[in-house]
Amino acid sequence: MATAISSGGSNLRLRSIARLLAKRNNIKRNRSFCTKPPTYNPLPNTGNKYNVDGHHLAGPGEKLDKFSWLSQHGPQFHIHGEQVQVITEPAQFYEVLKLKTRRAKHRITYASLYLGTGALEKDLVSSMREACLNAVHAGNSKFEVNVLLDYTRGSRGKVNSCSMLRPLMAEHSNVKVSLYHSPDLRGLLKKILPERFNETVGLTHIKVYLFDDSFIISGANLSNDYFTNRQDRYILFNDCPELANFFNDLVKTIMSFSLDLLPDNTLNLSPGWNCHPYKEPDGGLGFKVAARLKINDCLKMEDFSSIGNNSSISAENTRLTGDNRKNVETDTVVYPLVQMGPFEVTYDEMATLGLFRSSGPNDNILLASGYFNLTDHYMSANGFLGAKGIAGAIPYSYIYLAHEFYKRVKGRNQTRRIHLMEYVRDRWTFHGKGLWYYLPSQPLPTLTLVGSPNFGFRSVYRDLECQVALVTENKHLQEQLREEHVRLFASSQPVDESTFQGRDRYVPLWIRYVTKLIKNFF
(Lines give C-alpha, C1' and ligand atoms only; values in the text may rest on other atoms or scores of the structure.)
Protein backbone atom coordinates (compact mmCIF):
# COMPACT_ATOMS: atom_id res chain seq x y z
CA MET A 1 0.00 0.00 0.00
CA ALA A 2 1.26 3.50 -0.57
CA THR A 3 0.14 6.93 0.48
CA ALA A 4 1.25 10.31 -0.76
CA ILE A 5 1.06 13.74 0.78
CA SER A 6 1.28 16.93 -1.19
CA SER A 7 0.54 20.66 -0.97
CA GLY A 8 -2.83 21.91 -2.06
CA GLY A 9 -4.49 24.34 -4.41
CA SER A 10 -3.66 27.98 -5.01
CA ASN A 11 -5.99 30.83 -4.03
CA LEU A 12 -7.62 28.42 -1.63
CA ARG A 13 -7.46 27.79 2.07
CA LEU A 14 -7.13 24.12 1.37
CA ARG A 15 -3.63 22.74 1.40
CA SER A 16 -3.39 19.19 0.36
CA ILE A 17 -2.25 15.88 1.57
CA ALA A 18 -2.69 13.59 -1.38
CA ARG A 19 -3.25 9.95 -0.98
CA LEU A 20 -3.82 6.85 -3.01
CA LEU A 21 -5.98 3.91 -2.21
CA ALA A 22 -5.46 0.79 -4.28
CA LYS A 23 -6.61 -2.74 -3.77
CA ARG A 24 -6.22 -5.70 -6.09
CA ASN A 25 -8.65 -8.55 -6.09
CA ASN A 26 -6.45 -11.57 -6.73
CA ILE A 27 -3.70 -12.94 -4.53
CA LYS A 28 -0.96 -12.36 -7.12
CA ARG A 29 -1.84 -8.73 -7.72
CA ASN A 30 -3.37 -7.34 -4.58
CA ARG A 31 -0.72 -4.88 -3.41
CA SER A 32 -2.65 -1.77 -2.62
CA PHE A 33 -2.59 1.92 -1.95
CA CYS A 34 -4.56 2.72 1.15
CA THR A 35 -5.52 5.78 3.11
CA LYS A 36 -5.39 4.10 6.47
CA PRO A 37 -3.49 1.25 8.11
CA PRO A 38 -5.06 -1.96 9.36
CA THR A 39 -7.31 -1.57 12.38
CA TYR A 40 -5.21 -1.48 15.51
CA ASN A 41 -6.63 -4.39 17.51
CA PRO A 42 -3.60 -6.24 18.90
CA LEU A 43 -3.97 -9.96 18.41
CA PRO A 44 -4.09 -12.18 21.47
CA ASN A 45 -0.95 -14.20 22.14
CA THR A 46 -2.06 -17.67 21.06
CA GLY A 47 1.40 -19.16 21.08
CA ASN A 48 1.47 -20.00 17.36
CA LYS A 49 3.15 -18.14 14.51
CA TYR A 50 0.02 -17.50 12.47
CA ASN A 51 -2.90 -15.17 13.02
CA VAL A 52 -6.55 -15.98 12.48
CA ASP A 53 -6.25 -15.13 8.77
CA GLY A 54 -3.47 -17.64 8.31
CA HIS A 55 -0.75 -15.04 7.80
CA HIS A 56 2.66 -15.72 9.28
CA LEU A 57 3.41 -13.68 12.38
CA ALA A 58 6.98 -12.46 12.43
CA GLY A 59 9.00 -13.60 15.40
CA PRO A 60 11.65 -11.55 17.24
CA GLY A 61 14.12 -10.12 14.78
CA GLU A 62 12.29 -11.31 11.66
CA LYS A 63 10.93 -7.86 10.88
CA LEU A 64 14.42 -6.40 11.07
CA ASP A 65 15.88 -9.19 8.94
CA LYS A 66 13.25 -8.74 6.23
CA PHE A 67 14.76 -5.40 5.30
CA SER A 68 18.42 -6.22 5.95
CA TRP A 69 19.03 -6.02 2.19
CA LEU A 70 18.92 -2.24 2.61
CA SER A 71 22.52 -2.47 3.80
CA GLN A 72 23.41 -2.86 0.11
CA HIS A 73 22.52 0.80 -0.31
CA GLY A 74 24.10 2.42 2.71
CA PRO A 75 25.50 1.86 6.20
CA GLN A 76 23.30 0.43 8.94
CA PHE A 77 23.11 1.41 12.58
CA HIS A 78 21.52 -0.64 15.35
CA ILE A 79 19.88 1.45 18.06
CA HIS A 80 17.05 1.24 20.60
CA GLY A 81 13.56 2.35 19.64
CA GLU A 82 13.29 4.33 22.87
CA GLN A 83 15.98 6.66 21.50
CA VAL A 84 13.62 7.83 18.75
CA GLN A 85 10.84 10.39 19.11
CA VAL A 86 8.32 11.38 16.45
CA ILE A 87 7.64 15.12 16.50
CA THR A 88 4.21 16.00 15.16
CA GLU A 89 3.75 19.79 15.06
CA PRO A 90 5.76 22.64 13.48
CA ALA A 91 5.74 24.60 16.74
CA GLN A 92 7.08 21.59 18.63
CA PHE A 93 9.77 21.16 15.98
CA TYR A 94 10.82 24.78 16.44
CA GLU A 95 10.95 24.60 20.23
CA VAL A 96 13.01 21.40 20.16
CA LEU A 97 15.37 23.02 17.66
CA LYS A 98 15.96 26.01 19.91
CA LEU A 99 16.27 23.99 23.10
CA LYS A 100 18.68 21.42 21.69
CA THR A 101 20.73 24.13 19.99
CA ARG A 102 21.04 26.23 23.15
CA ARG A 103 22.13 23.23 25.20
CA ALA A 104 24.71 21.91 22.73
CA LYS A 105 28.12 21.43 24.37
CA HIS A 106 30.31 20.07 21.57
CA ARG A 107 28.84 20.71 18.13
CA ILE A 108 25.93 22.09 16.16
CA THR A 109 25.54 20.98 12.55
CA TYR A 110 22.69 22.22 10.39
CA ALA A 111 21.91 21.27 6.80
CA SER A 112 18.96 22.98 5.17
CA LEU A 113 17.88 24.53 1.91
CA TYR A 114 17.84 27.97 3.53
CA LEU A 115 17.35 29.97 6.72
CA GLY A 116 14.53 32.49 6.79
CA THR A 117 14.86 36.12 7.85
CA GLY A 118 11.98 36.68 10.27
CA ALA A 119 11.71 36.99 14.04
CA LEU A 120 11.52 33.25 14.69
CA GLU A 121 14.62 32.64 12.62
CA LYS A 122 16.47 35.39 14.48
CA ASP A 123 15.60 33.69 17.76
CA LEU A 124 17.03 30.45 16.38
CA VAL A 125 20.29 32.22 15.50
CA SER A 126 20.26 33.65 19.02
CA SER A 127 20.13 30.08 20.33
CA MET A 128 23.28 29.34 18.31
CA ARG A 129 24.89 32.46 19.74
CA GLU A 130 24.00 31.39 23.28
CA ALA A 131 25.62 27.99 22.72
CA CYS A 132 28.75 29.68 21.36
CA LEU A 133 28.95 32.01 24.38
CA ASN A 134 28.48 29.11 26.77
CA ALA A 135 31.39 27.35 25.09
CA VAL A 136 33.56 30.47 25.45
CA HIS A 137 32.70 30.78 29.14
CA ALA A 138 33.46 27.09 29.66
CA GLY A 139 36.79 27.42 27.88
CA ASN A 140 35.66 24.89 25.28
CA SER A 141 37.80 25.74 22.24
CA LYS A 142 36.69 22.59 20.38
CA PHE A 143 33.05 23.65 20.15
CA GLU A 144 32.01 24.18 16.53
CA VAL A 145 29.01 25.27 14.50
CA ASN A 146 28.65 24.11 10.89
CA VAL A 147 25.83 25.29 8.65
CA LEU A 148 25.25 24.00 5.12
CA LEU A 149 22.80 25.88 2.90
CA ASP A 150 22.10 26.11 -0.80
CA TYR A 151 23.86 28.88 -2.70
CA THR A 152 20.95 29.96 -4.90
CA ARG A 153 18.24 29.86 -2.23
CA GLY A 154 20.45 31.01 0.63
CA SER A 155 21.68 34.11 -1.20
CA ARG A 156 18.37 35.13 -2.74
CA GLY A 157 17.61 38.83 -2.15
CA LYS A 158 19.54 41.44 -0.20
CA VAL A 159 18.31 40.19 3.18
CA ASN A 160 18.87 36.47 3.11
CA SER A 161 20.26 33.44 4.91
CA CYS A 162 23.81 34.74 4.55
CA SER A 163 23.03 38.13 6.05
CA MET A 164 21.33 36.36 8.95
CA LEU A 165 24.47 34.37 9.79
CA ARG A 166 27.35 36.73 8.97
CA PRO A 167 27.14 38.61 12.31
CA LEU A 168 27.42 35.33 14.21
CA MET A 169 30.41 34.37 12.08
CA ALA A 170 32.08 37.71 12.84
CA GLU A 171 31.58 37.18 16.56
CA HIS A 172 32.73 33.56 16.72
CA SER A 173 35.50 32.11 14.58
CA ASN A 174 34.26 28.56 15.21
CA VAL A 175 31.11 29.19 13.15
CA LYS A 176 31.40 27.99 9.55
CA VAL A 177 28.78 28.53 6.84
CA SER A 178 29.01 26.79 3.45
CA LEU A 179 26.89 27.28 0.35
CA TYR A 180 26.51 24.36 -2.04
CA HIS A 181 26.52 25.45 -5.68
CA SER A 182 25.28 23.00 -8.30
CA PRO A 183 27.89 22.22 -10.96
CA ASP A 184 25.07 22.23 -13.51
CA LEU A 185 24.35 25.94 -12.99
CA ARG A 186 27.12 27.43 -15.14
CA GLY A 187 27.93 29.39 -18.26
CA LEU A 188 25.09 31.07 -20.12
CA LEU A 189 22.50 29.37 -17.92
CA LYS A 190 23.96 30.99 -14.80
CA LYS A 191 24.01 34.40 -16.48
CA ILE A 192 20.48 34.44 -17.84
CA LEU A 193 18.45 32.67 -15.16
CA PRO A 194 17.08 35.10 -12.58
CA GLU A 195 16.68 34.35 -8.87
CA ARG A 196 14.14 31.65 -8.06
CA PHE A 197 14.41 30.21 -11.58
CA ASN A 198 18.07 29.34 -11.08
CA GLU A 199 17.04 27.11 -8.17
CA THR A 200 15.35 24.69 -10.58
CA VAL A 201 18.71 23.59 -12.01
CA GLY A 202 19.85 21.87 -8.84
CA LEU A 203 20.45 22.48 -5.15
CA THR A 204 21.08 20.82 -1.82
CA HIS A 205 17.77 19.76 -0.33
CA ILE A 206 19.08 17.83 2.69
CA LYS A 207 17.54 18.68 6.08
CA VAL A 208 19.48 17.49 9.12
CA TYR A 209 19.67 19.38 12.42
CA LEU A 210 22.28 17.99 14.76
CA PHE A 211 23.21 18.90 18.33
CA ASP A 212 26.03 16.93 20.00
CA ASP A 213 24.95 13.28 19.68
CA SER A 214 21.28 13.93 18.89
CA PHE A 215 19.68 15.09 15.66
CA ILE A 216 16.43 15.68 13.80
CA ILE A 217 15.97 14.42 10.27
CA SER A 218 13.15 16.14 8.44
CA GLY A 219 11.85 17.63 5.24
CA ALA A 220 11.34 21.02 6.89
CA ASN A 221 13.38 24.11 6.15
CA LEU A 222 14.36 26.76 8.69
CA SER A 223 11.77 29.46 8.16
CA ASN A 224 8.62 30.87 9.70
CA ASP A 225 6.07 28.75 7.83
CA TYR A 226 7.84 25.54 8.79
CA PHE A 227 7.72 26.65 12.43
CA THR A 228 4.03 27.59 12.42
CA ASN A 229 1.56 26.27 9.81
CA ARG A 230 3.43 24.26 7.17
CA GLN A 231 3.09 20.60 8.12
CA ASP A 232 6.10 18.37 7.66
CA ARG A 233 7.63 15.29 9.28
CA TYR A 234 10.35 15.36 11.92
CA ILE A 235 12.01 12.47 13.74
CA LEU A 236 14.37 13.06 16.65
CA PHE A 237 17.18 10.61 17.40
CA ASN A 238 18.41 11.06 20.96
CA ASP A 239 21.90 10.16 22.15
CA CYS A 240 22.98 8.12 19.13
CA PRO A 241 26.68 9.03 18.87
CA GLU A 242 27.66 6.78 15.95
CA LEU A 243 24.62 7.75 13.92
CA ALA A 244 25.14 11.43 14.74
CA ASN A 245 28.80 11.12 13.75
CA PHE A 246 27.75 9.73 10.40
CA PHE A 247 25.43 12.63 9.63
CA ASN A 248 27.94 15.14 10.93
CA ASP A 249 30.52 13.62 8.58
CA LEU A 250 28.08 13.61 5.67
CA VAL A 251 27.21 17.29 6.08
CA LYS A 252 30.85 18.29 6.51
CA THR A 253 31.76 16.27 3.43
CA ILE A 254 29.27 18.26 1.35
CA MET A 255 30.63 21.44 2.92
CA SER A 256 34.13 20.42 1.81
CA PHE A 257 33.16 20.87 -1.86
CA SER A 258 30.87 23.84 -1.27
CA LEU A 259 31.74 27.54 -1.19
CA ASP A 260 32.81 28.96 2.17
CA LEU A 261 30.99 32.12 3.23
CA LEU A 262 33.18 34.74 4.89
CA PRO A 263 32.01 37.50 7.28
CA ASP A 264 32.63 40.14 4.58
CA ASN A 265 30.17 38.31 2.28
CA THR A 266 32.85 36.95 -0.05
CA LEU A 267 33.04 33.30 -1.05
CA ASN A 268 36.06 31.02 -1.24
CA LEU A 269 36.66 27.42 -2.20
CA SER A 270 36.91 25.23 0.85
CA PRO A 271 40.52 24.58 1.95
CA GLY A 272 41.90 21.51 0.22
CA TRP A 273 39.34 21.65 -2.60
CA ASN A 274 40.47 22.95 -5.98
CA CYS A 275 37.51 22.22 -8.31
CA HIS A 276 35.29 25.23 -8.81
CA PRO A 277 31.63 24.27 -9.21
CA TYR A 278 30.98 26.45 -12.27
CA LYS A 279 34.21 28.03 -13.54
CA GLU A 280 36.08 24.97 -14.77
CA PRO A 281 36.12 24.49 -18.59
CA ASP A 282 35.20 20.79 -18.39
CA GLY A 283 31.47 21.36 -17.94
CA GLY A 284 31.63 20.37 -14.28
CA LEU A 285 32.81 16.80 -14.90
CA GLY A 286 35.89 17.10 -12.69
CA PHE A 287 33.83 18.55 -9.87
CA LYS A 288 31.29 15.76 -10.12
CA VAL A 289 33.88 13.00 -10.16
CA ALA A 290 35.77 14.43 -7.17
CA ALA A 291 32.55 15.06 -5.22
CA ARG A 292 31.36 11.53 -5.92
CA LEU A 293 34.59 10.07 -4.58
CA LYS A 294 34.26 12.13 -1.41
CA ILE A 295 30.65 11.07 -0.84
CA ASN A 296 31.35 7.40 -1.43
CA ASP A 297 34.31 7.58 0.92
CA CYS A 298 32.04 9.10 3.57
CA LEU A 299 29.51 6.32 3.00
CA LYS A 300 32.31 3.75 3.07
CA MET A 301 31.20 2.61 -0.38
CA GLU A 302 33.69 1.28 -2.89
CA ASP A 303 33.48 3.16 -6.16
CA PHE A 304 33.83 0.58 -8.94
CA SER A 305 33.12 2.89 -11.85
CA SER A 306 33.50 6.41 -13.14
CA ILE A 307 30.88 9.05 -13.81
CA GLY A 308 28.69 7.78 -16.62
CA ASN A 309 28.22 4.29 -15.20
CA ASN A 310 26.31 3.21 -12.12
CA SER A 311 28.68 1.70 -9.60
CA SER A 312 28.32 -1.55 -7.76
CA ILE A 313 27.47 -1.21 -4.12
CA SER A 314 29.31 -2.86 -1.28
CA ALA A 315 27.06 -4.88 0.97
CA GLU A 316 29.43 -4.73 3.91
CA ASN A 317 28.33 -1.44 5.40
CA THR A 318 27.33 -2.30 8.94
CA ARG A 319 28.82 -0.04 11.59
CA LEU A 320 29.55 -2.07 14.70
CA THR A 321 30.82 0.35 17.32
CA GLY A 322 29.35 2.61 19.97
CA ASP A 323 25.56 2.82 19.76
CA ASN A 324 25.66 0.57 16.70
CA ARG A 325 26.45 -2.79 18.32
CA LYS A 326 24.03 -5.43 17.08
CA ASN A 327 22.93 -7.34 20.16
CA VAL A 328 19.83 -8.70 21.80
CA GLU A 329 18.92 -5.33 23.24
CA THR A 330 18.66 -3.39 19.97
CA ASP A 331 15.28 -3.44 18.31
CA THR A 332 15.67 -0.78 15.62
CA VAL A 333 17.90 -0.45 12.57
CA VAL A 334 18.57 2.83 10.76
CA TYR A 335 19.79 2.94 7.16
CA PRO A 336 20.87 6.39 5.90
CA LEU A 337 20.04 6.63 2.20
CA VAL A 338 21.79 9.24 0.09
CA GLN A 339 20.76 10.46 -3.36
CA MET A 340 22.92 12.88 -5.35
CA GLY A 341 21.86 12.60 -8.96
CA PRO A 342 24.44 15.04 -10.37
CA PHE A 343 27.19 12.76 -9.02
CA GLU A 344 25.38 9.53 -9.94
CA VAL A 345 25.06 8.61 -6.29
CA THR A 346 21.73 6.78 -6.40
CA TYR A 347 21.50 4.70 -3.22
CA ASP A 348 18.18 6.18 -2.10
CA GLU A 349 16.56 5.61 -5.49
CA MET A 350 17.74 1.99 -5.57
CA ALA A 351 16.50 1.37 -2.02
CA THR A 352 13.10 2.94 -2.75
CA LEU A 353 12.69 0.91 -5.93
CA GLY A 354 13.74 -2.18 -3.97
CA LEU A 355 11.00 -1.59 -1.42
CA PHE A 356 8.38 -1.30 -4.14
CA ARG A 357 9.59 -4.28 -6.13
CA SER A 358 10.19 -6.65 -3.24
CA SER A 359 6.95 -6.00 -1.38
CA GLY A 360 4.72 -9.00 -0.81
CA PRO A 361 1.18 -9.36 -2.10
CA ASN A 362 -0.33 -8.40 1.25
CA ASP A 363 2.11 -5.65 2.24
CA ASN A 364 0.74 -2.14 2.64
CA ILE A 365 2.89 0.83 1.60
CA LEU A 366 1.75 4.38 2.23
CA LEU A 367 3.52 7.21 0.42
CA ALA A 368 3.64 10.88 1.25
CA SER A 369 4.99 13.80 -0.77
CA GLY A 370 4.61 17.54 -0.89
CA TYR A 371 4.71 17.53 -4.69
CA PHE A 372 3.24 15.48 -7.50
CA ASN A 373 5.79 14.33 -10.05
CA LEU A 374 6.80 10.68 -9.61
CA THR A 375 9.55 9.42 -11.89
CA ASP A 376 8.70 6.78 -14.47
CA HIS A 377 10.76 4.24 -12.50
CA TYR A 378 8.68 4.77 -9.38
CA MET A 379 5.44 4.68 -11.36
CA SER A 380 6.31 1.38 -12.99
CA ALA A 381 7.72 -0.33 -9.87
CA ASN A 382 5.51 -2.95 -8.27
CA GLY A 383 2.93 -2.75 -11.05
CA PHE A 384 1.06 0.30 -9.82
CA LEU A 385 0.36 3.44 -11.82
CA GLY A 386 2.28 5.32 -9.16
CA ALA A 387 0.82 8.59 -8.18
CA LYS A 388 1.44 10.58 -5.10
CA GLY A 389 -1.87 12.21 -5.18
CA ILE A 390 -3.26 15.56 -5.96
CA ALA A 391 -0.53 18.07 -5.42
CA GLY A 392 -1.78 21.55 -5.31
CA ALA A 393 -1.31 24.44 -7.53
CA ILE A 394 1.55 26.60 -6.54
CA PRO A 395 2.63 26.39 -9.27
CA TYR A 396 -0.43 25.39 -11.25
CA SER A 397 1.75 22.81 -12.95
CA TYR A 398 1.22 20.45 -10.03
CA ILE A 399 -2.56 20.56 -10.50
CA TYR A 400 -2.01 19.75 -14.15
CA LEU A 401 0.25 16.81 -13.32
CA ALA A 402 -2.22 15.50 -10.77
CA HIS A 403 -5.10 15.79 -13.21
CA GLU A 404 -3.09 13.97 -15.89
CA PHE A 405 -2.45 11.15 -13.45
CA TYR A 406 -6.11 10.96 -12.49
CA LYS A 407 -7.05 10.70 -16.18
CA ARG A 408 -4.54 7.86 -16.59
CA VAL A 409 -6.15 6.04 -13.68
CA LYS A 410 -9.62 6.61 -15.11
CA GLY A 411 -8.54 5.70 -18.64
CA ARG A 412 -7.23 2.36 -17.44
CA ASN A 413 -10.41 1.64 -15.47
CA GLN A 414 -8.51 1.69 -12.20
CA THR A 415 -10.75 4.08 -10.25
CA ARG A 416 -12.01 1.21 -8.08
CA ARG A 417 -8.44 0.31 -7.20
CA ILE A 418 -6.82 3.72 -6.88
CA HIS A 419 -8.50 6.59 -5.08
CA LEU A 420 -7.17 10.10 -4.56
CA MET A 421 -7.92 11.94 -1.35
CA GLU A 422 -7.24 15.54 -0.39
CA TYR A 423 -6.42 16.76 3.08
CA VAL A 424 -8.28 19.80 4.33
CA ARG A 425 -6.82 22.08 6.99
CA ASP A 426 -7.68 25.75 7.05
CA ARG A 427 -4.72 28.11 6.54
CA TRP A 428 -2.15 25.31 6.50
CA THR A 429 0.12 23.98 3.77
CA PHE A 430 1.58 20.51 3.52
CA HIS A 431 5.25 19.71 2.92
CA GLY A 432 5.70 16.25 4.45
CA LYS A 433 7.21 13.33 2.64
CA GLY A 434 8.12 9.73 3.24
CA LEU A 435 6.73 6.24 3.45
CA TRP A 436 5.14 3.91 6.00
CA TYR A 437 5.40 0.16 5.44
CA TYR A 438 2.94 -2.29 7.04
CA LEU A 439 3.64 -6.01 6.86
CA PRO A 440 0.67 -8.34 6.23
CA SER A 441 -2.05 -8.12 8.89
CA GLN A 442 0.18 -5.99 11.10
CA PRO A 443 -1.60 -3.06 12.77
CA LEU A 444 1.65 -1.15 13.28
CA PRO A 445 4.22 -0.11 10.66
CA THR A 446 7.58 -1.85 10.61
CA LEU A 447 9.45 0.61 8.38
CA THR A 448 9.33 4.29 7.58
CA LEU A 449 11.26 6.50 5.19
CA VAL A 450 11.72 10.07 6.39
CA GLY A 451 13.87 12.90 5.14
CA SER A 452 14.11 15.31 2.24
CA PRO A 453 13.25 13.39 -0.99
CA ASN A 454 9.87 13.95 -2.65
CA PHE A 455 9.98 10.89 -4.95
CA GLY A 456 9.96 13.35 -7.86
CA PHE A 457 12.25 13.86 -10.82
CA ARG A 458 14.39 16.57 -9.33
CA SER A 459 14.83 14.66 -6.07
CA VAL A 460 16.25 11.75 -8.04
CA TYR A 461 18.28 13.54 -10.70
CA ARG A 462 18.98 17.19 -9.82
CA ASP A 463 19.26 17.76 -6.07
CA LEU A 464 21.26 16.45 -3.13
CA GLU A 465 18.92 14.43 -0.91
CA CYS A 466 19.06 12.23 2.15
CA GLN A 467 16.58 10.26 4.19
CA VAL A 468 16.66 7.32 6.54
CA ALA A 469 14.95 3.97 6.38
CA LEU A 470 14.01 3.25 9.97
CA VAL A 471 13.09 -0.40 10.62
CA THR A 472 11.78 -1.24 14.06
CA GLU A 473 10.01 -3.85 16.15
CA ASN A 474 9.83 -1.52 19.16
CA LYS A 475 6.12 -1.29 19.89
CA HIS A 476 6.23 2.20 21.36
CA LEU A 477 8.05 3.58 18.32
CA GLN A 478 5.73 1.70 15.97
CA GLU A 479 2.77 3.25 17.76
CA GLN A 480 4.29 6.70 17.32
CA LEU A 481 4.73 6.12 13.61
CA ARG A 482 1.19 4.83 13.23
CA GLU A 483 -0.20 7.81 15.13
CA GLU A 484 1.83 10.12 12.91
CA HIS A 485 0.37 8.55 9.80
CA VAL A 486 -3.20 8.46 11.11
CA ARG A 487 -2.95 12.08 12.20
CA LEU A 488 -1.71 13.24 8.82
CA PHE A 489 -4.50 11.43 7.01
CA ALA A 490 -7.30 12.00 9.50
CA SER A 491 -9.09 14.68 7.47
CA SER A 492 -9.56 14.06 3.80
CA GLN A 493 -12.08 14.20 1.03
CA PRO A 494 -12.33 12.19 -2.18
CA VAL A 495 -10.89 13.63 -5.37
CA ASP A 496 -12.69 13.02 -8.64
CA GLU A 497 -13.08 14.78 -11.95
CA SER A 498 -15.26 17.47 -10.38
CA THR A 499 -12.37 18.47 -8.14
CA PHE A 500 -10.41 19.65 -11.15
CA GLN A 501 -13.35 21.63 -12.51
CA GLY A 502 -13.36 24.11 -9.65
CA ARG A 503 -12.35 27.69 -10.42
CA ASP A 504 -9.38 27.44 -8.08
CA ARG A 505 -8.13 24.42 -10.04
CA TYR A 506 -8.25 25.93 -13.50
CA VAL A 507 -4.88 25.61 -15.22
CA PRO A 508 -4.23 28.12 -18.02
CA LEU A 509 -3.51 26.59 -21.40
CA TRP A 510 0.02 28.00 -21.60
CA ILE A 511 0.93 26.41 -18.27
CA ARG A 512 -0.21 23.01 -19.54
CA TYR A 513 2.13 23.27 -22.52
CA VAL A 514 5.02 24.64 -20.49
CA THR A 515 4.63 21.92 -17.86
CA LYS A 516 5.18 19.24 -20.49
CA LEU A 517 8.48 20.89 -21.37
CA ILE A 518 9.80 21.61 -17.89
CA LYS A 519 8.37 18.81 -15.72
CA ASN A 520 11.87 17.39 -15.28
CA PHE A 521 12.76 20.46 -13.22
CA PHE A 522 10.11 19.70 -10.57
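The name given to the chain in an unreviewed UniProt entry is CDP-diacylglycerol--glycerol-3-phosphate 3-phosphatidyltransferase, with Biomphalaria pfeifferi as the source organism. Heading Sequence similarities (unreviewed entry) of the UniProt record for the chain holds this comment: "Belongs to the CDP-alcohol phosphatidyltransferase class-II family." The Function (unreviewed entry) field of the UniProt record for the chain holds the comment "Functions in the biosynthesis of the anionic phospholipids phosphatidylglycerol and cardiolipin."

This paragraph deals with the nonpolar core. Of all hydrophobic cores here, the largest spans 51 residues; its most connected members are Phe237, Phe247 and Met340. Considering each element in turn, this core owes the most residues, eight residues, to helix H8 (residues 241-256). For Phe237, the contacting residues outside a window of four places in its chain are Ile79, Gln83, Val84, Asp213, Ser214, Phe215, Ile217, Leu243, Val334, Val468 and Leu470. The next biggest cluster of nonpolar side chains, apart from the first, holds 42 residues, and it includes Leu165, Met169, Leu203 and Leu222.

Taken as a whole and assessed by the stated rule, the structure comprises 15 salt bridges. Between Arg487 and Glu89 there is a salt bridge, with its nearest N and O atoms 2.1 Å apart. Highlighted residues: Arg487 in helix H14 (residues 475-488) and Glu89 in the loop between strand E3 (84-87) and helix H2 (90-103), separated in sequence by 398 residues. The class of Arg487 is partly exposed, set by a relative accessible area of 27%. Asp463 is paired through a salt bridge with Arg458; the nearest N and O atoms lie 2.7 Å apart. Like Arg458, Asp463 is buried. Residues participating in the shared-partner salt-bridge network are Glu89, Arg425 and Arg487.

Our focus in this paragraph is the side chain of Asn248. Locating Asn248 in the fold gives a position in helix H8. Assessed through its relative accessible area of 5%, Asn248 is described here as buried. If sequence neighbours within four positions are ignored, Asn248 has contacts with Arg107, Thr109 and Leu210.

Quick look at the packing of aromatic side chains now. Evaluated as defined, the whole model comprises 20 aromatic pairs. Taking the centre distance of 5.9 Å and the plane angle of 55° together, the rings of Phe93 and Tyr209 count as tilted. Of this pair, Phe93 sits in helix H2 while Tyr209 sits in strand E7 (residues 208-211), and the two are 116 residues apart along the sequence. Aromatic pair Phe257 and Trp273: ring centres 5.7 Å apart, planes at 45°, arrangement tilted. Placement of the pair is Phe257 in the loop between H8 and strand E11 (259-261) and Trp273 in the loop between strand E12 (267-269) and helix H9 (285-298), with a sequence separation of 16 residues. Across this residue pair, the class does not change: Phe257 and Trp273 are buried. Site record: aromatic cluster; members linked through ring pairs are Phe93, Tyr94, Tyr110, Tyr209, Phe211, Phe227 and Tyr234.

So, how was this worked out
Along each chain, numbering runs from 1 in the same order as the chain's sequence is written. For this predicted model, a pLDDT threshold of at least 70 governs which residues receive local features, and a threshold of 80 or more governs which side-chain atom pairs are given and counted, while totals over whole chains, interfaces and linings are taken from all residues. Excluding hydrogens and water, the side-chain figures rest on all heavy atoms present in the structure. UniProt positions are given in the numbering used here, feature names are shortened, and annotations may be inferred rather than shown by experiment. Put simply, a nonpolar core is a bunch of buried Ala, Val, Leu, Ile, Met, Phe, Trp, Tyr and Cys residues held in one set by side-chain atoms that sit within 4.5 Å of each other. Three labels apply to residues, based on accessible area from a 1.4 Å probe with only protein chains included: buried if under 20% of the type maximum, exposed if over 50%, partly exposed otherwise in between. Counting from the N terminus, the helices are the DSSP runs of H or I reaching at least four residues and the strands are the DSSP runs of E reaching at least two. Here, residues are in contact when the closest pair of their heavy atoms is within 4.5 Å. The term salt bridge refers to a pairing of a side-chain nitrogen on Lys or Arg with a carboxyl oxygen on Asp or Glu at a separation within 4 Å. By convention, a stacked pair of Phe, Tyr or Trp rings (six-membered ring in the case of Trp) has centres within 6.5 Å and planes under 30 degrees apart, an edge-to-face pair has planes over 60 apart, and any other such pair is tilted.

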